[in-house]
Amino acid sequence: QHRHISSGINAEYGGFRSEKRSLETVKENLDFTGTELHPLHLVSDKCYHLDTAMLNLSQGHALVFTPAFDKESLDLIKEVNGEGNIIEISEEDCVQNFVPNAIPVHSGDKHYIVGMAFSPELRKRLESLGYEIIIVPYQEFLKSGGSIRCSVLDIGI
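Keep in mind the model is a prediction, meaning the values are calculated, not measured.

Ranked by size, the top nonpolar core spans 29 residues in total, and within it Leu 63, Val 64, Phe 69, Ile 113, Phe 118, Leu 122 and Leu 126 carry the most contacts. When contributions to this core are tallied by element, the ones reaching two or more residues are β5 (54-56), β6 (62-64), α2 (71-81), β7 (86-88), α4 (120-128) and β10 (131-135). Apart from residues no more than four positions distant in its own chain, Phe 69 is found in contact with Leu 40, His 41, Leu 42, Val 43, Leu 50, Ala 53, Met 54, Val 64, Leu 74 and Ile 77.

Below, the structure is given as structure tokens:
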């Protein structure tokens, strides 16, 4: 099974918090056998990490704030995820609601998205695709520059 990683600090470059050479350092020092890392270039000052611009969901969809990426990166996101699986999110959902910083959870036949806030339009669309939205009040944590994802340690179970 071949996996693609197109989110997370290991896959990003550009912007003011990372450099393209960081991806090579990751490749040289960590074993990603069976995984393809994709460099993505952030071009919006509204999104300072990849997890503030994009979120891969448990059913193959990806929430993407398209203005955050250059054309090549956006084309790559569509190629890897499938253009039909891309759900473009609004600036409100990206910048104010921090939706890309939510946490997707898959348990049995249930698909959840745990987040701080979602616009009514996005919530309706996600629910129509079978996702259950769980709202956690996290506005105070925004002062740190992040949201729910920034306070979670994934352990891969």
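Spatial strand order, β5-β6-β7: three strands in an open sheet with mixed pairing. Two strands lie at the open edges of the sheet, namely β5 and β7, each paired on one side alone. Direction aside, the axes of adjacent strands within the sheet are offset by 20° on average. In the sheet, β5 pairs with β6 via three bridges, with the strands oriented antiparallel. Among the inter-strand pairings, Asn 56 is bridged to a residue of β6, identified as Ala 62. This element, α4, spans β6 and β7 of the sheet and lies at about 160° to β7.

This part is about the environment of Leu 142. Relative to the helices and strands, Leu 142 resides in the segment after β10. Put simply, Leu 142 and Gln 96 are 46 residues apart on the chain and 9.4 Å apart in space, counted from C-alpha to C-alpha. With near-sequence residues (within four places) excluded, Leu 142 lies in contact with Gln 96, Phe 98, Met 116 and Ser 147.

Let's shift gears to the state of the cysteines. All chains considered together, the criterion is met by zero disulfides. No disulfide involves Cys 94; its sulfur sits 3.6 Å from the nearest other cysteine sulfur, which is in Cys 47.

Overall, the predicted model of the protein chain reaches an average pLDDT of 84, with 85% of residues at or above 70. Across the protein chain, element-level confidence peaks in α4 with a mean pLDDT of 98 and bottoms out in strand β2 (residues 12-13) with 44. Predicted confidence for residues 6-14 stays below pLDDT 50, and this span has 36 contacts to residues more than four positions away or in other chains.

Here is what the cut-offs are and how they apply
- Residues numbered from 1 in each chain as written.
- Predicted model: local features only at pLDDT ≥ 70, side-chain atom pairs only at ≥ 80, totals over all residues.
- Heavy atoms only, no water.
- Core = buried A, V, L, I, M, F, W, Y, C linked by side-chain atoms within 4.5 Å.
- Buried < 20%, exposed > 50% of the residue type's maximum accessible area, 1.4 Å probe, protein only.
- Helix = DSSP H or I, 4+ residues; strand = E, 2+ residues; numbered from the N terminus.
- Contact = heavy atoms within 4.5 Å.
- Pairing = 2+ DSSP bridges.
- Axes fitted to C-alpha atoms, helices over the stretch in contact; angles between N-to-C directions.
- Disulfide = S-S within 2.5 Å.
- pLDDT = per-residue confidence, 0-100.

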